[in-house]
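Structural overview for review
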Amino acid sequence: MKESYAKLIQHTFNFPMSPSKGEGNSSLPFHVEGGQLHFNGIPLLDTLKAQGSPLRLSYLPKITAQINKAVDIFEGAMQKLDYQADYTFCYCTKSSHYSFVMEEVLKNKAHIETSSAFDLHLIESLLNK
C-alpha cells in the first residue's frame, strides 16, 4: 500500500490518537501550499535551504501536549480499573537530549529515563545551569 508523506505525518504526529477524536485531525499544523510543505505557516523548503538537510523539528508545544495526553490516558485507565498505585511519566532522553527539549519536559514535572552514561553528563550540566 502506498501512502503519501502527508498521511505519514498525520499518522505519526497524532499518535496515540485520543479515543474521543477518532480518525483524522483537521488541526494538524502541516499543510501543502503551492506544492510545498508548511509547518505552522512556516515553509519548510525555505528552512531547509537556510539550515540544510536533514531537518529535524522539535515543536515544544506538541511535547507538552503529548506529555499531558499520556498522563490523561493513564489517569483515565487507572480510575477505570481502580488502580491504586502511583503513575510517573518518564521521558526517554534518547528521544532528544537537547537542552531546550529537556527544559520543556522538566517544565511539565516529568521524570527522565536514560540508558546512556553520556546522557548523565548532559543532564548534570543542564541541572547545574
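The preceding data block contains the structure.
If you're wondering where the values come from, they're calculated on a predicted model, not measured in any experiment. (Residues numbered from 1 in each chain as written. Predicted model: local features only at pLDDT ≥ 70, side-chain atom pairs only at ≥ 80, totals over all residues. Heavy atoms only, no water.)

1. As for the sheet that holds strand β3 (residues 42–43)
The strand order β1-β2-β3 describes an open sheet built from three strands, whose pairing is antiparallel. Whereas interior strands pair on both sides, the edge strands pair on one side only; in this sheet they are β1 (30–33) and β3. Bridge count between strand β2 (residues 36–39) and β3: two bridges; the pairing is antiparallel. Pairing of Phe39 across the sheet is with Ile42, part of β3. (Pairing = 2+ DSSP bridges. Helix = DSSP H or I, 4+ residues; strand = E, 2+ residues; numbered from the N terminus.)

2. A short note on the pattern of salt bridges
Counting across every chain of the model gives two salt bridges. Close ionic contact of Glu103 with Lys129 constitutes a salt bridge, the shortest N to O distance being 3.1 Å. Taken together, the residues Glu103 in helix α4 (residues 99–107) and Lys129 in the segment after α5 (117–128) connect sequence positions 26 residues apart. Residue Lys129 is classed as exposed on the basis of its relative accessible area, which comes to 72%. (Salt bridge = Lys/Arg side-chain N within 4 Å of Asp/Glu carboxyl O. Buried < 20%, exposed > 50% of the residue type's maximum accessible area, 1.4 Å probe, protein only.)

3. Overview of the side chain of Asn108
Positionally, Asn108 belongs in the loop between α4 and β5 (111–113). Polar contacts involving the side chain of Asn108 include one to the side chain of Thr64, which spans 3.0 Å. A distance of 2.7 Å separates the side chain of Asn108 from the backbone oxygen of Glu104, its partner in a polar contact. Sequence-distant contacts of Asn108, that is, excluding residues within four places in its chain, are made with Thr64, Ile67 and Asn68. (Polar contact = N/O pair within 3.5 Å; in protein donor to acceptor, adjacent residues only side chain to side chain. Contact = heavy atoms within 4.5 Å.)

4. Notes on unusual backbone geometry
Cis geometry is found at the peptide bond from Ser53 to Pro54, where omega equals 5°. Take Pro54: it is sitting in the loop between α2 (44–51) and α3 (60–80). Of note in this structure, Asn40 is not a glycine but carries a positive phi near 50°. Position of Asn40 among the secondary structure elements: in the loop between β2 and β3. Asn40 gets classed as partly exposed once you look at its relative accessible area, which sits at 37%. Here the phi dihedral of Lys109 falls at roughly 60°; this positive angle occurs in a residue that is not glycine.

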